[in-house]
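Architecture and fold: a report
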Amino acid sequence: MDMTVTSSARGTDPAMIAVLETIETRLRWLSSWTIHNANHLRDSRDGLKVGGHQASCASITAIMTALYFGALRPQDKVAVKPHAGPVLHAIHYMLGQQSLDALQRYRGFGGAQSYPSRTKDSIPVDFSTGSVGLGVAITAFASLIQDYLIAHGEMAERDAGRMIALIGDAELDEGNIYECLIEAYKHDIRNCWWIVDYNRQSLDSTTADRMFRRFDDIFETCGWRVETLKHGKTQRAVFARPGGHAIADWIDECPNAEFAALTYQGGAAWRTRLTADLAAFPETLALIAERDDTALAALMTNLGGHCIATLLEAFARCDDDKPTLFIAYTVKGYGLPFAGHKDNHSGLMNPGQIEQLRGDLGIADGEEWAPYGGLGANAAASARAVVEASALAQARALAPAAPVPVPDQIPVPDGAELSTQAAFGRILLDLAKSGDAKGRALADRIVTTSPDVTVSTNLGAFVNQRGLFRRQELKDVFSAARIPTAQKWAAHHAGQHIELGIAENNLFLMLAALGLAAPLFGTRLMPIGTVYDPFIARGLDALNYACYQDARFLLVATPSGLTLGPEGGAHQSINSPLIGIGQPGLTYFEPAFADELALIMGWAFRHMQADDGGSVYLRLTTRTLTQIARADTGWQDDALRGGYWLKAPSGAADLAIVFTGAITPEVLEAAALLADDVPGLGLLMVTSPDLLHRGWSARHAGRWTGASVPSHAEQLLAQLSSDAKLVTIIDGAPSTLSWLGGVRGMRVSPLGIDRFGQTGDVPDLFRSYRLDANAIVDAVAELCLGK
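Residues numbered from 1 in each chain as written. Predicted model: local features only at pLDDT ≥ 70, side-chain atom pairs only at ≥ 80, totals over all residues. Heavy atoms only, no water.

Points about the overall build of the protein chain
Within the protein chain, the secondary structure is distributed over 34 helices and 20 strands. Radius of gyration (C-alpha) of the protein chain: 31 Å, near the 28 Å computed for a compact globule of 787 residues. Taken across its 787 residues, the protein chain has 57% of its residues classed as buried. Long-range contacts, defined as pairs at least 24 residues apart, comprise 77% of the intrachain contacts of the protein chain with a sequence gap of at least 6. Accessible area for the protein chain stands at about 30,700 Å²; split by element, carbon and sulfur atoms hold 52% of it. Distance between charge centres in the protein chain, computed from 66 positive and 86 negative side chains, equals 2 Å. (Helix = DSSP H or I, 4+ residues; strand = E, 2+ residues; numbered from the N terminus. Rg over C-alpha atoms; globule rule 2.2 N^0.38 Å. Buried < 20%, exposed > 50% of the residue type's maximum accessible area, 1.4 Å probe, protein only. Contact = heavy atoms within 4.5 Å. Areas by Shrake-Rupley, 256 points an atom, 1.4 Å probe, with all protein chains shown as cover. Lys, Arg positive; Asp, Glu negative; His and termini not counted. Charge placed at Lys NZ, Arg CZ, Asp CG, Glu CD.)

Laid out in structure tokens, this is it:
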């Protein structure tokens, strides 16, 4: 049988539909069996439930079959709903791209992951999912980044793909989806499909009926086309017959919970209920009577999301670049014994039930893992031909993105008095205007973004130089009218700044999409996102999500700490350094001087491109510091490892002040006060508490692998005597630095912020919160004199 049917014709080709229905049944089995094996057949050493979501997989197999083997193109990218991970693995297993061993170790160490993961799974995964809602929203931002690359000549329009999200309907409760929807409307995104597996059941309950048509209203208001796929072809054929309209009306009026309960109870329950409710319609009763219980149950659950033909027709209708929401009605647990039961979210088929399903599908004992088991030779050959001709089978990995050149040294801004925030803005402006070939090449790949704090985080000069990105030109009305303004923000297709509204989730999803440009689209970008430091916490889930899939970006958070002064406690960050230390895939720095910042930014641009690299977080401040003269560059290597001696200890060397960032003036003042009493006092400037801690932790872990080498923290503190004492101080959580006492068993007096701030100027705040020079002197006295 020739299976080379074009995508546009597949919605009406009976032979192709029959083959896809065969594939869909096989995917439902393989996903169910994979989960069953993990929970019932594989040895359990800890007695814990392995889990999996057989019902959630079963509700989406037809959607994924129609998409992956009917509508998908090689350039399209897909985010698969978390609980459908086993279906994705089954698809790649049928393609020969997933191993039997990985399926048999599903949710086990080294096996197929619980939820699709770019970094942990062996199969191709376009977008990691797991934290619900985020995998949906990132596709909208990825579509915007694709348009950015097209506008900048890095991608041909003909190569544009659709960014597709397969959504569990409970994900539509996630607020980040609607924050994203608003931003997507502002930027006029295109080439984006969101396909909702609308089974109307979540973990705890059945979806409220009040949401009927509300999703249509919301999305249509934001410029999306909405395709509602409620009824399959069998239902629609019956509706067209005399008496059929009454069944259609009954389904439309049936509450979600009652529909689910009847689905679980089966054909006899359907017959009893429909016969009673539709007794006034003789022609309708005749339609019901002509079907046995099995056929009646099949008719009532023939929803649009389970009908391959309906799905293919809908996908073909939307073959343009308009963003589209498909609401595909489904039954949770479709085709499984607990279909429709309100407790089926985490439910698992027992051995007897899986045996019954195996028998019903004609799968011989021992052939459960066969990719095309239970199919006759002809059916298996036809299914294999369709699978092997699919876009997924033909897709080829993109060539590695070319590296972006980075100047050997980022120039340090001039000025005797500078804040790190101001220095950051000056560095970016200098790059934007650079005549150096490497500097110009780097600047051309920089994309900046910010949630309505572009000006107050010192990105304004870069934006003036490089412009805002818009697919349609937007003139700067103020400049055109010759009205004086510091912001000359023309928007055009060559712009390099993407302005966002006040939603930190959107910022981090944007950075995630920008930071995945290389693996998704073959072109590396250098994303820089700015945010107020305390508001990192507002987007923390999305930040973690971005790092989890190894997106590469530079996060600049400023201003920070009590140093922000009059803005008050709601804007003064406390625990952000701990986020920087604790977040995998993100390296945190807190420079004090402009030359430190320039050095670290050069390192960051290289680290963002390294095979073993990652993203970088800079915690900056608006506080102006007097810059220091350097005798040489010997401090630089240590600074990039996490810290260096601003003043090396001398003599007996039994005391040091360990500090970071904006608190430097107070440390220098305290050192002057202590000069006579503690002549050998050392001043240890910590540029990255994160790198110091990471190295120390690796040192201990290495003892068990034979790869242990002294950490940088140990090497620095080795210049002190064995019984030396430390005063640690940071404009942030004191535990950021106090752990350093454990490196060599030293006593520590930790200073920092452990309660909410308030309004005030820096002298008052530092005095009240014990961050001033007097507090440092008192801490020294406590250690040395016991006072």
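Remarks on a nonpolar patch on the surface
On the surface, a cluster of nonpolar side chains totalling about 300 Å² of accessible area is made up of V477, F478 and I483. Positionally, F478 belongs in helix α22 (residues 477–480). (Patch = residues over 30% accessible without salt bridge, like charges linked within 9 Å, V, L, I, M, F, W, Y side chains within 5 Å. Salt bridge = Lys/Arg side-chain N within 4 Å of Asp/Glu carboxyl O.)

Topic: the packing of helix α6 (residues 134–151) against helix α7 (residues 175–186)
Viewed as axis vectors pointing N to C, α6 and α7 meet at an angle of 10 degrees, and their least axial separation amounts to 9 Å. If you check the angle between α6 and α7, you find them roughly parallel. Contact with α6, carried on its side by L134, V136, A137, A140 and F141, involves N176, I177, C180, E183 and A184 of α7 and no other residues of that element. A breakdown of the residues in the contact of α6 with α7 according to their chemical character gives 8 nonpolar, 1 polar and 1 charged. (Axes fitted to C-alpha atoms, helices over the stretch in contact; angles between N-to-C directions. Parallel < 35°, antiparallel > 145°, perpendicular 65-115°, else oblique. Nonpolar A, V, L, I, M, F, W, Y, C, P; charged D, E, K, R; others polar.)

Observations concerning helix α25 (residues 540–548)
Taken together, the buried positions of α25 are A542, L543, Y545, A546 and C547. Those residues of α25 that are buried are in contact with α6, α23 (504–515) and β13 (586–589).

A closer look at the sheet that holds strand β18 (residues 682–686)
Taking strand neighbours across the sheet as the criterion, the 5 strands line up as β16-β18-β17-β19-β20 in an open arrangement whose pairing is mixed. Either end of the sheet is taken by a strand with one partner, and the two such strands are β16 (643–647) and β20 (747–751). Taken pair by pair, the neighbouring strands of this sheet meet at an average axis angle of 25 degrees, ignoring direction. One ladder, built from 5 bridges, connects strand β17 (residues 655–659) with strand β19 (residues 725–729); its direction is parallel. Bridge pairing in β19 links I657 to V727. Running at roughly 175 degrees to β18, helix α29 (residues 664–674) makes contact with β16, β17, β18 and β19 of the sheet. (Pairing = 2+ DSSP bridges.)

What about the pattern of salt bridges?
For the coordinates displayed, the defined rule picks out 39 salt bridges. Its salt-bridge partner being K342, residue D343 comes within 3.4 Å of it at the nearest N-O pair. Classification of D343 as partly exposed rests on a relative accessible area of 49%. Between R623 and E666 there is a salt bridge, with the nearest N and O atoms lying 2.7 Å from each other.

Focus on unusual backbone geometry
The peptide bond linking T558 to P559 adopts the cis configuration, its omega dihedral lying at -5 degrees. Looking at the secondary structure, you find P559 in the loop between β12 (554–557) and α26 (576–582). Phi is positive for D188, close to 55 degrees, though the residue is something other than glycine. Within the secondary structure, D188 is located in the loop between α7 and β3 (192–198). Phi at R770 is positive, roughly 60 degrees, even though this residue is not glycine. On the secondary structure map, R770 appears in the loop between α33 (762–768) and α34 (773–785).

Thoughts on the packing of helix α12 (residues 267–277) against helix α13 (residues 282–289)
Their axes nearest at 10 Å, the elements α12 and α13 cross at an angle of 170 degrees. It follows from the interaxial angle that α12 and α13 lie roughly antiparallel. Contacts between α12 and α13 involve R271, L274 and T275 on the former and, on the latter, L285, I288 and A289. Considering only residue class, the contact of α12 with α13 consists of 4 nonpolar, 1 polar and 1 charged.

Notes on the sheet that holds strand β5 (residues 324–329)
Taken together, the 5 strands give an open sheet; going across it, the order is β1-β2-β3-β5-β4, and neighbouring strands pair in parallel fashion. The strands lining the two open edges of the sheet, one partner per strand, are β1 (77–79) and β4 (225–229). This sheet shows a mean twist of 15 degrees between the axes of neighbouring strands, independent of strand direction. Relative to β5, β4 is paired through 5 bridges, and the arrangement is parallel. Its bridge partner lying in β5, V226 is registered against L325. Against the sheet, α6 contacts β1, β2 (163–168) and β3, and its axis sits at roughly 170 degrees relative to β2.

Structural notes on the pairing of β5
Counting buried residues in β5 gives 6 out of 6 residues, a clear majority hidden from the surface. Both faces of β5 are covered, namely the face carrying T324, F326 and A328 and the face carrying L325, I327 and Y329. One ladder, built from 6 bridges, connects β3 with β5; its direction is parallel. Its bridge partner lying in β5, W193 is registered against T324.

Observations regarding the packing of aromatic side chains
Overall, the coordinates contain 18 aromatic pairs when judged by the stated rule. On the numbers, 5.3 Å between centres and 20 degrees between planes, the contact of W29 with W33 is stacked. Taken together, the residues W29 and W33, both in helix α1 (residues 14–41) and 4 residues apart, mark about one turn of the helix. Each member of the pair, W29 together with W33, is buried. Following the ring pairs from residue to residue traces out a cluster consisting of W29, W33 and W369. Sitting over the ring of F259, R200 keeps its end group 5.5 Å from the ring centre. (Phe/Tyr/Trp six-rings, centres within 6.5 Å; stacked < 30°, edge-to-face > 60°. Lys NZ or Arg CZ within 6 Å of the ring centre and 35° of its normal.)

Considering the environment of T530
Following the sequence through the fold, T530 ends up in strand β11 (residues 526–531). The spacing of T530 and T449 is 81 residues in sequence and 6.7 Å in space, taken between C-alpha atoms. Apart from residues lying up to four places away in sequence, T530 is in contact with F424, T449, S450, P451, V453, T457, L459, L507 and V556. In terms of polar contacts, T530 uses its side chain to reach the side chain of S450, at 2.9 Å. Among the polar contacts made by the side chain of T530, one reaches the side chain of T457 at a distance of 2.8 Å. (Polar contact = N/O pair within 3.5 Å; in protein donor to acceptor, adjacent residues only side chain to side chain.)

Description of the pairing of β3
Of all 7 residues in β3, 7 are buried, a share of seventy percent or more. On β3, burial covers both faces: C192, W194, V196 and Y198 on one face and W193, I195 and D197 on the other are all buried. The handedness of the β2 to β3 crossover, carried by α7, is right-handed. (Right-handed = clockwise from strand over helix to strand, strands pointing away.)

A few points about the state of the cysteines
On inspection of all chains with the given rule, the structure shows 0 disulfides. Among the cysteines around C307, which has no disulfide bond, C318 carries the closest sulfur, lying 16 Å off. Of the residues examined, C307 reaches a relative accessible area of 9% and is grouped as buried. (Disulfide = S-S within 2.5 Å.)

Re the side chain of H231
Tracing the backbone through its elements, the reader meets H231 in the loop between β4 and α9 (233–239). In this structure H231 comes out as buried when scored by relative accessible area, which is 15%. In terms of polar contacts, H231 uses its side chain to reach the side chain of Q235, at 2.6 Å. Residues in contact with H231, not counting those within four places in the same chain, are R236, F239, I251, D252, N302, L303, G304 and T310.

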